[in-house]
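# A look at the structure
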2 protein chains.
Amino acid sequence: MKIKVYRDLMGDNDRWAAKTRVLLAKENIKMLNLIGSPGAGKTALLEKTVRKLSRRLDFAVLEGDLETKNDARRLARLNCRVSQLLTGGGCHLEAKMVHYAVRDLPLRRLDMIIVENVGNLVCPAEFDIGEHAKAVAISVTEGDDKPLKYPLIFREAGAVVITKTDLLPHVPFRLKKCLGFIRKLNPRAPVFQVSALNGNGLGGWINWLACAGGFVPGGGLALKPFR
Amino acid sequence: MKIKVYRDLMGDNDRWAAKTRVLLAKENIKMLNLIGSPGAGKTALLEKTVRKLSRRLDFAVLEGDLETKNDARRLARLNCRVSQLLTGGGCHLEAKMVHYAVRDLPLRRLDMIIVENVGNLVCPAEFDIGEHAKAVAISVTEGDDKPLKYPLIFREAGAVVITKTDLLPHVPFRLKKCLGFIRKLNPRAPVFQVSALNGNGLGGWINWLACAGGFVPGGGLALKPFR
């Protein structure tokens, strides 16, 4: 008698993620999964990252959204190699869709792929897309208690980016408290405080990416490498 | 021969939502489902709503979060009747959990229940919890294109609250553009522009709630009533 087996929902996703990881390893490409709330400033951060990072390595961006090509257009304007992944309502990027998008890139040339996930602090943290590291973006307008309320992504992150620091004088955000909460959940990930508006703090973030991409071997920086 | 029937995943949720709606109808209570990104200012909005609204009707708040009782504590400090619903990682409130929390409230006394859903602009929009209306909160720091990128919740909302308007001078948010996007998706829902920090615009929002709660019959306001 045949026994039907129902695999867990994540099984299929994880298989596609593993396939992507094999493909990336073969081409020696690192992939970053950038996660944050809607409006955390992920695309603005990438806009400011593109020019400086492109001097140090060759990369592509995959833009995840429910709807619209707005974000891909913003980056394409900067001559960034970018594809748009539309989930059509889905709350996170799935590994299969990412795999097909990765396969279509000119992999021979690339050192790195940066994936901007759907704006959501919860679901994207749970779905492996074959990345080597996750980074989480949190803006100072969101409130300093967000790491406590959405702990999974802060625990999993290889780097934390606190965005919109230019707004600190105008919002009730206790930076020290927030840093403490992050440290408690994740003692090792570097935390970058940046403003895409005035450019403050972007250097450290871009260095971290460049190290992870393998272009600054060792790099002289005590940054947690991509796994 | 017996035929096995597999119901859709949403079926069970919808049954619990329907049960809640029956219960609320019997007690003549209106329920609002407040949805927004992490850090959109939902709890701050409720903090400023509690005192003024409690002069006009008797209500309770259900606070949805993945982790921590922080938000319930913030409201309890204001003598608000509040329960905390913890999803333990879940990205939205499910109807069953809400039903049990509703059942435990002193329903005879209440005119209204306000549910603050988990901070997430995507998944909570898809799950009926037995509410009579949804309201969506979006902060000016999130960017004016968010209605286009997360259209479902803006289409479904009975009211839209644009929060943190005190920050308008400091952020690149094109208010007119945003209002246009909202109107295109949802021509009828009232749009309130509020600041929990300086109190601007809160009157209209609180009036809308009071109308919906049935305490200002007709109310003299051309606001879309709860369904």
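Summarised in this report is the structure supplied together with it.

Moving on to the environment of Asp104 of chain B. All names here are of chain B. Tracing the backbone shows Asp104 in the loop between helix 4 (95–103) and strand 4 (112–116). Relative accessible area serves as the criterion here: at 69%, Asp104 is assigned to the exposed category. Sequence separation between Asp104 and Ser83 is 21 residues, and the spatial gap between their C-alpha atoms is 9.6 Å.

Another aspect to go through is the layout of surface pockets. Rolled over the atoms, a probe as big as a water molecule pinpoints where empty space is left. The space that makes up the largest pocket amounts to roughly 1,000 Å³. Along its surface, the largest pocket is lined by 49 residues, and Pro172 of chain A together with Thr43, Ala44, Glu47 and Arg74 of chain B are the ones closest to its centre. When contributions to the lining of the largest pocket are tallied by element, the ones reaching two or more residues are helix 5 (146–149) of chain A together with helix 2 (42–54), strand 2 (59–65), helix 3 (70–76) and helix 8 (202–212) of chain B. It is helix 2 of chain B that contributes the most residues to the lining of the largest pocket, 9 residues altogether. Classifying every residue of the lining of the largest pocket gives 19 nonpolar, 13 polar and 17 charged. Residue lining of the second largest pocket: 42 residues in total, with Ala44 and Arg74 of chain A together with Glu142, Gly143 and Pro172 of chain B positioned closest to the centre. Mapped onto the lining of the second largest pocket, the elements with two or more residues apiece are helix 2 (42–54), strand 2 (59–65) and helix 3 (70–76) of chain A together with helix 5 (146–149) of chain B. At 6 residues, the largest contribution of residues to the lining of the second largest pocket is made by helix 2 of chain A. Class assignment of the residues belonging to the lining of the second largest pocket gives a composition of 14 nonpolar, 12 polar and 16 charged.

Cut-offs used in this document
- Residues numbered from 1 in each chain as written.
- Chains lettered and ligands numbered in written order.
- Predicted model: local features only at pLDDT ≥ 70, side-chain atom pairs only at ≥ 80, totals over all residues.
- Heavy atoms only, no water.
- Helix = DSSP H or I, 4+ residues; strand = E, 2+ residues; numbered from the N terminus.
- Buried < 20%, exposed > 50% of the residue type's maximum accessible area, 1.4 Å probe, protein only.
- 1 Å grid on protein atoms, 1.4 Å probe; cavity = no way out; pocket = protein on both sides within 12 Å on 5 of 7 lines; lining within 4 Å.
- Points joined across faces, edges and corners; volume = space filled by probe spheres on them.
- Nonpolar A, V, L, I, M, F, W, Y, C, P; charged D, E, K, R; others polar.

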